[in-house]
Amino acid sequence: MSTVPHCRELLHSLGPLKLLNLTKTDEGWIVEAEGHNTAVCPDCQTRSRSRHSRYGRSLRDLPLQGASVILNLHLSRWRCRAASCNRKIFGERLPELCLPNAQRTVRSGHIVELLGHALGGRPAQRLAKRLGMAASRDTLLRHVKKMARRAIPAPPVRILGVDDWAWRKGHSYGTILVDLERRCVIDVLPDRSADSFADWLTEHPDIVVVSRDRLGLYAEGTRRGAPQAVQVADRFHLIQNLVEAVEAQLTPMLDALLIPVVASPAGEVPVVPATDGTIATITERQSAQQAQRAVVQAWFEQVMTLHRQGRNNQQIMRATGIGRCRVETWTRLGYLPERRRMEPRPGMPAAFRDYLAQRWNQGCRRVKDLLKEVQEQGYIGSYSALDELLSPWRSIPPVSSLTHNVPIAPVVTPSRRLAPQVAAALLSKHPGEFTGQQAQTVATLKGNNPQIGTLRRFLLRFRGLLRGSSKAKLQQWMKDVENSGFERLERFVQFLRRDEAAVENAVTMPWSNGQVEGQVNKLKALKRQMYGRGSTELLRARLLPVPAS
């Protein structure tokens, strides 16, 4: 038998077992030990000294300096001599070292559970192999599921947050349940239905508050499964629904969404690289966009012609081959809406593209100098992002060589139209959240149409009253909207009236679904990590908190 100082902790972990041999091989350490001379019957707790037979058991233990450790144990089967005991023969139990029928020691199995819970199957398998604890991905995931099944029951849930999540968006959904006081997931349901949610609530009678979005089935499930609970509508979803209503209200007001664009000085045409590597002016790029717009206009006229002939959306789709979303939107609006484009943010160099093109054509080619200039105008992005925008311009000849003996007319771009989605998002912001350009854009919109200023005041009032804890202000806001003449906002208030108690609780109570949304993001990350192939049981096991050892 050979011993080394590093094995003292390993030998100590054997406890009362008698060490027989310790061998170092190319694959790791092999430890042989012998069991006790007596054993206690697991049923009647009578100690037995009558050995029936012997058997061997092999266990994987924690690695020793990166080398695997195998415990080869020589154990016994014993006879129970108690006349009142039904068990006549039992195997030797080692509760501090391993569980019955386990192939690993308790401490090794706990590490395997943690690896599988944190990393999943294949990543944990690769890491465990490097650590000297080889385990297949099936073994790792099986340990994770067992850990979830034997988890100690959590304290009674009082404040519950509920939301849905998509197995496959638009087809199948599940439900996630979060304890908002302890800020952790307590369960995951495989479907999204009022029946399953009500059944779950019936098993948890201590719930006093349910925070939810405005999905009606969760409201119905709460009324059936926990009638004693107070329902709270989520504030984020309330604001989001109001912004969508404002967006719908702005859609017919496209002329009011025009904002001026500063044109380049005469004789200086901003130059940008085309997609094929050639040189294209902004005018040429606009011509390409106009050509594409003409194609879409032709599609729109074809759809509207069939619609006026009495065709339904399904028949129009089959006749034209145009997608369902476009057909439904065009037939509902009756006009061709402008294409929605994301408003350039201050962190994007594209927000300063016209100014950069102007300075570039004036001969300023140093990125550092341009960076300082746009930073003074509100740019908050990085040097590398700006350099990435300017790098293709270096291969373009100077403007003078492109326009030699060719008269150049100034580029006329007097205005551009904001998408209703962008305009609604801007109107919902507090003044302190604006950049200089955004503040100017909102001021222009309010000047274009007084109704836009009224919409903005309604938005800001609603955001403020959600933090003001005053039901009276909420009631007054809804009355003002109902008398405002804004059809979409009036429809939004009608939906609030249907769920008025939950909306009032959102104003007066501190609970919301913010923590639930964060847990949904974690669920999505785990689902994608498993390539969407994990079962609900595995997803639930990896979302539940790790029980204390």
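Residues numbered from 1 in each chain as written. Predicted model: local features only at pLDDT ≥ 70, side-chain atom pairs only at ≥ 80, totals over all residues. Heavy atoms only, no water.

Once that is clear, we can look at the overall build of the chain. Of the regular secondary structure elements, the chain holds 22 helices and 16 strands. Among the 549 residues that make up the chain, the fraction classed as buried is 41%. Of all intrachain contacts in the chain linking residues separated by at least 6 positions in sequence, the fraction that spans at least 24 positions is 60%. For the chain, the computed accessible surface area is about 30300 Å², with 50% contributed by carbon and sulfur atoms. (Helix = DSSP H or I, 4+ residues; strand = E, 2+ residues; numbered from the N terminus. Buried < 20%, exposed > 50% of the residue type's maximum accessible area, 1.4 Å probe, protein only. Contact = heavy atoms within 4.5 Å. Areas by Shrake-Rupley, 256 points an atom, 1.4 Å probe, with all protein chains shown as cover.)

All right, on to the sheet that holds strand S9 (residues 172-179) then. Spatially, 5 strands are ordered S10-S9-S8-S11-S12 in an open sheet, and the strand pairing comes out mixed. A strand with exactly one partner marks an edge of an open sheet, and here the two such strands are strand S10 (184-189) and strand S12 (230-233). Each adjacent strand pair in this sheet contributes to an overall mean axis angle of 30 degrees, direction not counted. Taken together, the 3 bridges between strand S8 (residues 159-168) and strand S11 (residues 209-212) define a ladder with parallel strand orientation. Across the sheet, the residue bridging to Leu160 is Val210, located in S11. (Pairing = 2+ DSSP bridges. Axes fitted to C-alpha atoms, helices over the stretch in contact; angles between N-to-C directions.)

Quick look at the pattern of salt bridges now. All chains considered together, the criterion is met by 19 salt bridges. The salt bridge partner of Arg224 is Asp195, with a shortest N-O separation of 2.3 Å. You can see Arg224 sitting in helix H6 (residues 216-225) and its partner Asp195 sitting in helix H5 (residues 194-202), a full 29 residues away along the chain. For Arg224, a relative accessible area of 44% puts it in the partly exposed group. Measuring nitrogen to oxygen at the nearest pair gives 3.5 Å for the salt bridge that ties Arg497 to Glu500. Of the residues examined, Arg497 reaches a relative accessible area of 27% and is grouped as partly exposed. One connected set of salt bridges, linked through shared partners, spans Glu482, Arg497 and Glu500. (Salt bridge = Lys/Arg side-chain N within 4 Å of Asp/Glu carboxyl O.)

With 13 residues, helix H16 (residues 436-448) extends 19 Å from end C-alpha to end C-alpha; this agrees with the ideal 18 Å at 1.5 Å per step. Among the residues making up H16, those that are buried are Gln438, Thr441, Val442 and Leu445. All buried residues of H16 project into a common sector of 95 degrees when viewed along the axis, lining one side. Residues of H16 that are exposed and angled more than 90 degrees away from the buried face: Gly436, Gln440 and Gly447. Packed against the buried residues of H16 are strand S13 (258-260), helix H15 (420-427) and helix H17 (450-465). (Expected span 1.5 Å × (residues − 1). Arc of directions from axis to C-beta.)

A few words now on the nonpolar core. Among the nonpolar cores identified, the biggest contains 64 residues, and Ile176, Val246, Leu250, Phe462, Trp477 and Leu489 are the most heavily contacted of them. Residues within four places of Val246 in sequence aside, it is in contact with Ala424, Leu427, Leu455, Leu459 and Leu489. (Core = buried A, V, L, I, M, F, W, Y, C linked by side-chain atoms within 4.5 Å.)

This paragraph deals with unusual backbone geometry. Unlike most non-glycine residues, Gln45 shows phi in positive territory, near 60 degrees. Tracing the backbone through its elements, the reader meets Gln45 in the loop between strand S3 (39-40) and strand S4 (47-48). Even without being a glycine, Asn101 presents a positive backbone phi close to 65 degrees. For Asn101, the location among the structural elements is in the loop between strand S7 (89-91) and helix H2 (106-119).

To continue, consider the packing of H16 against H17. Put simply, H16 and H17 touch, their axes get as near as 4 Å, and they point 125 degrees apart. Taken together, the axes of H16 and H17 are oblique relative to one another. Here Val442, Leu445, Lys446 and Asn448 of H16 lie close against H17, whose contacting residues are Pro450, Ile452, Gly453 and Arg456. Grouping the amino acids of the contact of H16 with H17 by side-chain chemistry returns 4 nonpolar, 2 polar and 2 charged. (Parallel < 35°, antiparallel > 145°, perpendicular 65-115°, else oblique. Nonpolar A, V, L, I, M, F, W, Y, C, P; charged D, E, K, R; others polar.)

Per-residue confidence for the chain gives a mean pLDDT of 83, with 85% of residues at or over 70. Confidence drops under a pLDDT of 50 for residues 262-283, and excluding neighbours within four residues, the segment shows 42 contacts in the predicted structure. (pLDDT = per-residue confidence, 0-100.)

To continue, consider H5. Restricting attention to buried positions, one finds in H5 the residues Ala194, Ser196, Phe197, Ala198, Trp200 and Leu201. Structurally, H5 contributes buried residues whose contacts are with S8, S9, S10, S11 and H6.

A complete count under the given rule lists 0 disulfides for this structure. Cysteine Cys41 remains unbridged, with the sulfur of Cys44 as its closest cysteine sulfur at 3.7 Å. Judged by its relative accessible area of 0%, Cys41 is buried. (Disulfide = S-S within 2.5 Å.)

We now examine the side chain of Ser196. Along the chain, Ser196 falls in helix H5. Sequence-distant contacts of Ser196, that is, excluding residues within four places in its chain, are made with Leu189 and Asp191.

Tracing the backbone shows Arg456 in helix H17. No salt bridge is formed by the buried Arg456, whose closest oppositely charged neighbour, Glu433, lies at an N-O distance of 7.8 Å. A polar atom in the side chain of Arg456 sits 2.8 Å from the backbone oxygen of Leu427. Excluding residues that lie within four positions of it along the chain, Arg456 makes contacts with Leu426, Leu427, Ser428, Lys429, His430, Pro431, Phe434, Val442 and Lys446. (Lys, Arg positive; Asp, Glu negative; His and termini not counted. Polar contact = N/O pair within 3.5 Å; in protein donor to acceptor, adjacent residues only side chain to side chain.)

Another point: the packing of H15 against H16. Where H15 meets H16, the closest approach of the two axes is 10 Å, and the angle between their N-to-C directions is 105 degrees. Judged on the interaxial angle alone, H16 and H15 are roughly perpendicular. Listed contacts from H16 to Ala423, Leu426 and Leu427 of H15 are Gln438, Thr441, Val442 and Leu445. Its residues placed into classes, the contact of H15 with H16 shows 5 nonpolar, 2 polar and no charged.

A word on the pairing of S10. In terms of residue burial, S10 counts as a mostly covered element, since 6 of its 6 residues are buried. Relative to S10, S9 runs antiparallel, the two being bridged by 5 bridges. Bridge assignment links Asp179 to a residue of S10, and that residue is Cys184. A loop of 4 residues connects S9 with S10, the two strands running antiparallel in sequence, and Arg183 in this loop sits at a positive phi of about 60 degrees.

A word on the environment of Ser108. With respect to the helices, strands and loops of the structure, Ser108 is situated in helix H2. You can call Ser108 buried: its relative accessible area is 0%. Separated by 11 residues in the primary sequence, Ser108 and Leu97 place their C-alpha atoms 9.9 Å from one another. Ignoring sequence-local partners within four residues, the contact set of Ser108 consists of Arg60, Asp61, Leu62 and Met133.

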